[in-house]
Amino acid sequence: MEKGDSVIVVGAGVFGLSTALHLARRGYNVTVFDRQAYDESQYSYLQGADAASADINKIIRSAYGGQTEYQSLSTEAIAAWHEWNEELASGRTVPPGMTSKDRVFIANGNISMSTDEELPPWEQACIDGMEKAGHHNTQLATTDPRHCEVAASRGQSSYMDPFQQRRRGQNPVGVLDTTGGMAIADKACRLALHKAREASAKFIFGAQAGCLQSLKFKGNRVTGIETRDGKSHQAAMTILACGGWTPVLLPELDGLCEATAGSVILMKIPTNSPLWDRLGPQQFPTFTFNMRAGSQGGLYGFPRNEDGYFKVGYRGTKYTNPVRQSDGKERSTPATRWSVAERDGAQPVGERLTDFPLQACQVIKTFLDEYLPELCEENISIATTRICWYTDTFDNHFVIDRVPRKQGLMVATGGSGHAFKYLPNIGNWVVDVMENVNTDRKAIKAWRWRALGSGKPINNVMEGSQGERALGNIALSKESVVKQSAKAAL
Ligand SMILES: Cc1cc2nc3c(=O)[nH]c(=O)nc-3n(C[C@H](O)[C@H](O)[C@H](O)COP(=O)(O)OP(=O)(O)OC[C@H]3O[C@@H](n4cnc5c(N)ncnc54)[C@H](O)[C@@H]3O)c2cc1C
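Residues numbered from 1 in each chain as written. Predicted model: local features only at pLDDT ≥ 70, side-chain atom pairs only at ≥ 80, totals over all residues. Heavy atoms only, no water.

The next point concerns the nonpolar core. Core analysis: the largest hydrophobic core is formed by 62 residues, its most contacted members being Trp81, Phe203 and Trp447. In contact with tryptophan 447, other than residues within four places in its own chain, are Tyr70, Leu73, His397, Phe398, Val399, Ile400, Asp401, Ile426 and Trp429. Grouped together as the second largest cluster of nonpolar side chains are 43 residues, Ile265, Tyr314, Ala335 and Leu372 included. (Core = buried A, V, L, I, M, F, W, Y, C linked by side-chain atoms within 4.5 Å. Buried < 20%, exposed > 50% of the residue type's maximum accessible area, 1.4 Å probe, protein only. Contact = heavy atoms within 4.5 Å.)

In structure tokens form, the structure reads like this:
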């Protein structure tokens, strides 16, 4: 690749936006295609945007247990998140519709909690990993009196006990990652889009002109793409970054990557509620809860946002939507507004988009009943639900590599539920892979094209329509029923 060469990026989620920004900065002639009208929806799920990246908030943390490659990547990202906030505040870079008062990162910490009596090994590894890397006193254990004093001296005691368990005579068990917090996801995507445009990347949005129809080939070389409007676009390199839609677009990812569903509820806190301050980011951190406890755990949540939305997610079971493809194979396909509108003869299994997995609903409500009973006491019920599609790999590592046997084609995908935090920097690594720069780094090796082999997968992929996580095989609950009560009983 030579500077000035044309590069096509398909998909303007986190991977596509970040890649476009860094490609443009390094002097490539970049065009990004996305079938969604992001200039209209402004990456807001509530205004119709439909992608994992289009959300109100996402957790940012640097602690990664023993996975120091992601810890370093997060440290790099968090420095950039602070810079993006400063750029906004200074007025130097303000996207249309945003102001210098907006922030894209809020440093309210991320606490990893569990029902264990002692600090679990993963949380201890987070403390050890960060201490070893010189980030002293950034990981504060609720079980360590010295750490509690450090938190108190910084005014962060409420972050150490977000569910006010001590008041109820319980001991919270967890580690607060004080380097973390949350991205304001939609605004962060808008800022990245704006920065990429300023760096001269071009964006073609829309269901026809922005939608990849097919790859163009000369022999085994990909020479660009054809879009739905029938136009051809040439490029020296094409990079597919289509999130949960990538495995269907590129069947070579079979066995490596799969679209899976996370379940999310939003409650709306009225401004006059006593919970407005209590669940606001000044007092409430982002949290994960029993992340390694199988189907009864895997919860996470956020402070209420500026519109009052209080979001809790469940990923203890990630569901699939296997749909038979033209080659006869079943592949999980995001069942979203977009897929339903498009359908193309394929029938997503969920009857309606608003149907919500009953199991997810029960686990979330049981958790809220026990840990945030104030929501029920205040009569705050679920305002809306969402099924949001991950792109999981069998080992939770991303896939950033050239596609074997197809010259001129790369993928940047496999976010596996943790890539949003790298919006400011992951593209720099994608461009390094494209340019073959220092490709023996641990993270880049982990992201290579790979097959499962004899190891045990972290995520079982491609269980198909017989799998017990397939949406067709689980109980779904109507949104109206989910909304009825914040209580666990349904
Ligand atoms: C429920 C949930 C919670 C998460 N929480 C966190 C978190 O707290 N912290 C964190 O760091 N990460 C989190 N993640 C992960 C993070 O959101 C994802 O890793 C990241 O957003 C994935 O970005 P992406 O670019 O791969 O995909 P997406 O954001 O899905 O973007 C893919 C884009 O491709 C476009 N596209 C698809 N097909 C075509 C086509 N044929 N032509 C043109 N365009 C096309 C789509 O329109 C879309 O814009 C979470 C993910 C989910 C699902």
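Attention now moves to the pairing of strand E14 (residues 257–268). Counting buried positions along E14 gives 11 out of 12 residues, so the element sits mostly inside the fold. In the sheet, E14 pairs with strand E21 (residues 382–393) via 11 bridges, with the strands oriented antiparallel. Along E21, the bridge assignment pairs leucine 266 with threonine 384. By the bridge criterion, seven bridges tie E14 to strand E17 (residues 309–319) in an arrangement that is antiparallel. Paired with valine 264 across the two strands is glycine 313, which belongs to E17. (Helix = DSSP H or I, 4+ residues; strand = E, 2+ residues; numbered from the N terminus. Pairing = 2+ DSSP bridges.)

Moving on, we come to helix H4 (residues 121–132). Counted at 1.5 Å a residue, the expected span for H4 with its 12 residues is 16 Å, and the 16 Å between its end C-alpha atoms agrees. For H4, the complete set of buried residues consists of Glu123, Cys126, Ile127, Gly129 and Met130. When H4 is viewed along its axis, its buried side chains cluster within an angular range of 165° and face the same direction. Exposed residues on H4 whose side chains face more than 90 degrees from its buried face are Pro121 and Lys132. As for H4, its buried residues are in contact with helix H3 (68–90), strand E5 (110–114), strand E6 (139–141), helix H5 (145–153) and strand E7 (173–177). (Expected span 1.5 Å × (residues − 1). Arc of directions from axis to C-beta.)

Among the residues of H5, His147, Val150 and Ala151 are the ones counted as buried. The arc that holds every buried residue of H5, seen down its axis, measures 100°, which confines them to one face. Exposed and oriented more than 90 degrees from the buried face of H5 are Pro145, Glu149 and Ser153. The elements touched by buried residues of H5 are H4, E6 and helix H6 (157–160).

In the region of the ligand, 31 residues are neighbours, and Asp34, Gln36, Tyr38, Ser53 and Ile59 sit closest. Between an oxygen atom of the ligand and a main-chain N or O atom of alanine 52, the distance comes to 3.2 Å. A distance of 2.9 Å is found between a nitrogen atom of the ligand and a backbone nitrogen or oxygen belonging to leucine 212. The fraction of the free accessible surface of the ligand (1,000 Å²) that becomes covered by protein chains is 97%. If you list the elements that add at least two residues to the shell around the ligand, you get helix H1 (14–25), strand E3 (57–60) and E21. Sorting elements by how many residues they give to the shell around the ligand places E21 first, with three residues. Of the residues assigned to the shell around the ligand, the class counts are 18 nonpolar, nine polar and four charged. (Near = heavy atom within 4 Å. Polar contact = N/O pair within 3.5 Å; in protein donor to acceptor, adjacent residues only side chain to side chain. Areas by Shrake-Rupley, 256 points an atom, 1.4 Å probe, with all protein chains shown as cover. Nonpolar A, V, L, I, M, F, W, Y, C, P; charged D, E, K, R; others polar.)

What follows deals with the pattern of salt bridges. Once their charged atoms are close, side chains differing in charge can pair, the charge on each being opposite to the other. Across all of its chains, the model carries 23 salt bridges by this definition. Note that lysine 187 is salt-bridged to aspartate 102, the shortest N-O span being 2.7 Å. Taken together, the residues lysine 187 in helix H7 (residues 185–198) and aspartate 102 in the loop between H3 and strand E4 (105–106) connect sequence positions 85 residues apart. For the pair shown, lysine 187 and aspartate 102 are each scored as buried. Residues joined in a network through salt bridges with shared partners are Lys3, Arg26, Asp432, Glu435 and Arg441. (Salt bridge = Lys/Arg side-chain N within 4 Å of Asp/Glu carboxyl O.)

If you walk across this open sheet you meet the eight strands as E6-E7-E5-E15-E16-E17-E14-E21, and the pairing is mixed. Each edge of the sheet is formed by a strand with only one pairing partner; in this case those strands are E6 and E21. Going from strand to strand, the sheet's axes swing by 20° on average, the running direction of each strand aside. Judged from the three bridges that link them, E6 and E7 form a sheet pairing that is antiparallel. Bridging from a neighbouring strand, alanine 141 pairs with valine 175 of E7. Strand contacts of H4: E5, E6 and E7, with the helix running at about 140° to E6, the strand carrying the most contacts. (Axes fitted to C-alpha atoms, helices over the stretch in contact; angles between N-to-C directions.)

A word on the sheet that holds strand E10 (residues 212–218). Overall, antiparallel pairing links the three strands, which are arranged E10-E11-E12 in an open sheet. Of all strands in the sheet, those bounded by a partner on one side alone are E10 and strand E12 (232–234). Across this sheet, the average inter-strand angle for adjacent strands is 35°, counted without regard to direction. Bridging between E10 and strand E11 (residues 221–227) involves six bridges; their strand directions are antiparallel. Within E11, the position partnered with lysine 216 by the bridge is glycine 224.

Within this structure, the stated rule accounts for 24 aromatic pairs. Geometrically, the ring pair formed by phenylalanine 15 and phenylalanine 398 is edge-to-face, given 5.6 Å between the ring centres and 85° between the ring planes. Taken together, the residues span a long stretch of sequence, with phenylalanine 15 in helix H1 and phenylalanine 398 in the loop between E21 and strand E22 (399–402) at a distance of 383 residues. Residues phenylalanine 15 and phenylalanine 398 agree in their burial class; the two are buried. (Phe/Tyr/Trp six-rings, centres within 6.5 Å; stacked < 30°, edge-to-face > 60°.)

We now examine the domain arrangement of the protein. Domain assignment breaks the protein into domain 1 (6–79 + 184–241 + 396–446) and domain 2 (260–393 + 462–490). Each of domain 1 and domain 2 was reduced to a C-alpha centroid, and the two centroids are 25 Å apart. Tallying the contact residues gives 26 residues for domain 1 and 27 residues for domain 2. The junction of domain 1 with domain 2 conceals about 2,100 Å² of combined surface from both sides, 49% of it contributed by carbon and sulfur atoms. One salt bridge in this structure joins glutamate 306 and lysine 187, with 2.9 Å as the shortest N-O distance. Where domain 1 packs against domain 2, one counts 10 residue pairs in polar contact (both at pLDDT 80 or more). Here the side of domain 1 that touches domain 2 is composed, by residue class, of 10 nonpolar, 10 polar and six charged. (Domains from an automatic or database assignment. Buried area = accessible area lost by both parts, 1.4 Å probe.)

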